[in-house]
Amino acid sequence: MSTLKNQGVTDAEHAGHLLRQMLRVRRLEEKCIELYSAAKIRGFLHVYIGEEAVAAGVMEALAPEDAVVATYREHGHALLRRVSAGAILAEMYGHAEGCCRGRGGSMHLFDAATRFYGGNAIVAGGLPLAVGLALADRMAGRQRVTVCFFGEGAVAEGEFHESMNLAALWQLPVLFCCENNLYAMGTALGRSESQTDIALKAAAYEISAWAVDGMDVLAVEQAAGRAVDAVRSGGGPHFLELRTYRFRAHSMFDPELYREKSEVAQWMERDPISLLQGAMQEAGQLPEEDWAALQADVDAEISTAVGFAENGTPEPVSELSRFVYSDRAEDGGYTGDGGTAERDTRSGKGGAEG
Amino acid sequence: MKTTYREAMRAALRDAMQRDERVFLMGEDVGRYGGSFAVSLGLLEEFGPDRIRDTPLSESGFVGAGIGAALGGMRPVVEIMTVNFSLLALDQIINNAATLLHMSGGQFNVPIVIRMTTGAGRQLGAQHSHSLEGWYAHIPGLRILTPATLADARGMLWTALQDPDPVLIFEHGSLYNMAGDLDDDAGPVDVDKAALLRHADGTGESLTLITYGGTLPLVLAAADQLAEEGIDTDVIDLRTLRPLDTHTILDSVAGTHRAVVVDEGWRSGSISAEIAARICELAFFDLDAPVERVCSLEVPVPYAKHLEEAALPSVGRVMAAARRAVGANG
Ligand SMILES: Cc1ncc(C[n+]2csc(CCOP(=O)(O)OP(=O)(O)O)c2C)c(N)n1
Ligand SMILES: [Mg+2]
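Since this is a predicted model, take the numbers as computed values, not measurements. (Residues numbered from 1 in each chain as written. Chains lettered and ligands numbered in written order. Predicted model: local features only at pLDDT ≥ 70, side-chain atom pairs only at ≥ 80, totals over all residues. Heavy atoms only, no water.)

**A word on the pattern of salt bridges**
Per the counting criterion, the structure on display carries 39 salt bridges over all chains. For Arg 239 of chain B, the salt bridge is made with Asp 190 of chain B, and the minimal N-O distance between the two is 3.9 Å. Residue Arg 239 of chain B is found in the loop between β11 (231–237) and β12 (240–242), and its partner Asp 190 of chain B is found in the loop between β8 (179–181) and β9 (195–198); the two are separated by 49 residues along the sequence. A relative accessible area of 5% means that Arg 239 of chain B is categorised as buried. Beyond isolated ion pairs, a larger network of salt bridges with shared partners links Arg 101, Arg 103, Glu 315, Glu 319, Arg 322 and Asp 327 of chain A. (Salt bridge = Lys/Arg side-chain N within 4 Å of Asp/Glu carboxyl O. Helix = DSSP H or I, 4+ residues; strand = E, 2+ residues; numbered from the N terminus. Buried < 20%, exposed > 50% of the residue type's maximum accessible area, 1.4 Å probe, protein only.)

**Some thoughts on the UniProt feature "domain: Transketolase-like pyrimidine-binding" (unreviewed entry) in chain B**
In this numbering, the UniProt entry assigns the feature "domain: Transketolase-like pyrimidine-binding" (unreviewed entry) to residues 3–178 of chain B. Helix makes up 35% of residues 3–178 of chain B and strand 19%, whereas the separation of the span's terminal C-alpha atoms amounts to 8 Å. (UniProt positions renumbered as here; feature names shortened; annotations may be inferred.)

**Details of the coordination of the magnesium ion (ligand 2)**
All names here are of chain A. Protein coordination at the magnesium ion (ligand 2) comes from Glu 152 (OE), Glu 152 (OE), Asn 181 (OD1) and Tyr 183 (O), with a distance range of 2.0 to 2.8 Å. Around the magnesium ion (ligand 2), the six donor atoms are arranged such that angles at the metal cover 51 to 174°; this shape is classified as irregular. For the magnesium ion (ligand 2), all donor residues lie on one chain, and their spacing in sequence is E-x28-N-x1-Y. Here Asn 181 lies in the loop between β3 (174–180) and β4 (183–184) and Glu 152 lies in the loop between β2 (146–151) and α7 (158–169), a separation of 29 residues in the sequence. Accessibility assignment for this pair places Glu 152 and Asn 181 in one class, buried. (Donors = N, O, S within 2.8 Å, 3.2 Å for Na, K, Ca; no water. Tetrahedral: all angles 85-135°; square planar, octahedral: opposite > 155°, others 65-115°.)

**Describing the interface of chain B and chain A**
In this complex, chain B contributes 57 residues to the contact, which on the side of chain A involves 50 residues. Connecting chain B to chain A are zero salt bridges. Of all the secondary-structure elements, those providing two or more residues to the side of chain B that touches chain A are β2 (23–27), β3 (52–54), α3 (59–71), α4 (90–97), α5 (100–103), α9 (246–256) and α10 (271–283) of chain B. Looking at the side of chain B that touches chain A element by element, the count peaks at 10 residues for α3 of chain B. In terms of residue class, the side of chain B that touches chain A is made up of 24 nonpolar, 19 polar and 14 charged. (Contact = heavy atoms within 4.5 Å. Nonpolar A, V, L, I, M, F, W, Y, C, P; charged D, E, K, R; others polar.)

**Thoughts on the site of ligand 1**
All names here are of chain A. Near ligand 1, the surroundings consist of 15 residues, among which Tyr 72, Arg 73, Gly 153, Asn 181 and Tyr 183 are the closest. In this structure, Gly 153 approaches ligand 1 through a main-chain N or O atom, which is 2.9 Å from an oxygen atom. In the model, an oxygen atom of ligand 1 is placed 2.9 Å from a nitrogen or oxygen of the Asn 181 side chain. When isolated, ligand 1 has an accessible area of 580 Å², and the protein chains bury 74% of it. (Near = heavy atom within 4 Å. Polar contact = N/O pair within 3.5 Å; in protein donor to acceptor, adjacent residues only side chain to side chain. Areas by Shrake-Rupley, 256 points an atom, 1.4 Å probe, with all protein chains shown as cover.)

Next up, the structure:
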């Protein structure tokens, strides 16, 4: 399966682009960890370090009009879907300049302009949404594709099975991308599933499904390209099981008691960034100065983004109850807290009568 | 025009499907079976299987798909057979439909309508007799409608479909066969205000009866009997449980000085508790008597007819509460 080893890197420019994309995610998240430790970012923070080839490869296959649904481990997906690093970081700062004006945070990044539908912190909760987005496209006769990312832990949830069945039953234009990093928090796949071949589960719903080396960005890109083309041309739902590994803890609160350091070290030898970088260097496609320039570029992007987030403004508390319901002229800004305004008018009247 | 609540609902669905091609109905047995309460009977033949879409038994899956379709520009009407089964879709309703607009900083509104039957009274036992609409009314981001009249059965759906945000419509199972006259040109209704269906004329002792949904008919019957006893009532049909039209309640209580809230939900932590609290917060000095509540007894709804009847609000219990409220002043 290893495209990197077997085929070498054919298009140096494109490989360089993929390398950059993965590095952007890596550096963004390394910065997130730093900012978390400095208490600039709070809440839960789940990083994607080690899994970057998955988002980088799949996003290449998408068109701007396609839709993406992801999980709480979605900083990379958002960034590679073209949500700016600044808007992502500002969101984690709780600033008005954040992509959700400080209401979402790390686990709930959304962006209408790029059709990025989250950022869903309920395991498997995004799958039915993806099915519905695809249903809308199908009913409206549009040739768009919805891609749904989720972890292998989601496979045990009912919403996974309901969504597989609906997508297949209605032949909807959706690509399911299962990021199999072998663990759901501390639960290894073999300890939670009676059948650990995930692609096989999807195949049981009559969905075309196959497993891909998720550390090999070219293999991911190739598989995603094939799958997206098939989905777009009316081939019904497709499913990729992307075999990958998370190098870091589940979140910032995980002492990693459930796996051996040696296992992590072994997987880190297949770091998707080093793999591509190495293959390119071997093929003479990545001169030292280019690699240095690429890193400098990415570092500059991230530090600009940090500056943007740092200089942002906290979303005003006066805006707190906005967006519970859509702004409506006739609605009088009802927030569900029916008390305050009414108490003012009524207590005057009641007081006079009493 | 003579019609029933069921037919009025169906007319509303047909009208919505004709008016807006983005509207479609999806749910278990809405098509070939004709709807488990026969609301959508005949619509499959009229609109075809794409728009009258039968789903598998996957409440979370198809409610979530409805939310996704709403995000994708459609105007789905999702039918959940009964509120009891909506518990399997709570994740989608509460974690997604109700939150997406806010979590996304105003970027993604969810124009979905979710209809479901609610309520007890047909000897179906605990798992088929829940009244959880007040519980849903706890959730910011949702709008909760409880049509209890033919006009509202006919008119609320289109209004709900115009709402940019999620709307849940609760249809009490005992209302479907309710028959009566409806204007030939009946159409969309506003859902922002509660309705004052009966107005105390100021003679005798007065009080406000506040209810919604399935208990409206028994409250109206109680009001008739109370009138014979010289107790004069305002009857408020809340129509919408969230947002609550507090003003209509307060205006009435300002005139009657007493209130009885009738709610098929359980008393603890209920919509009746919310209403009583608002009256106490905002109209305390208007009151001549403590607010009374008539709710379901706090037991899983039992099967046996006499037990079920004893557990649910009844005309007798409403009258007793009304007499207590009036007596408390005397
Ligand atoms: C429905 C639900 N149950 C439990 C959790 C708590 N939780 C958060 S992440 C996670 C593990 C999910 O693992 P997986 O789907 O493999 O994704 P990964 O974190 O490995 O990317 C759990 C159990 C949750 N967010 N949602
Ligand atoms: Mg996992």
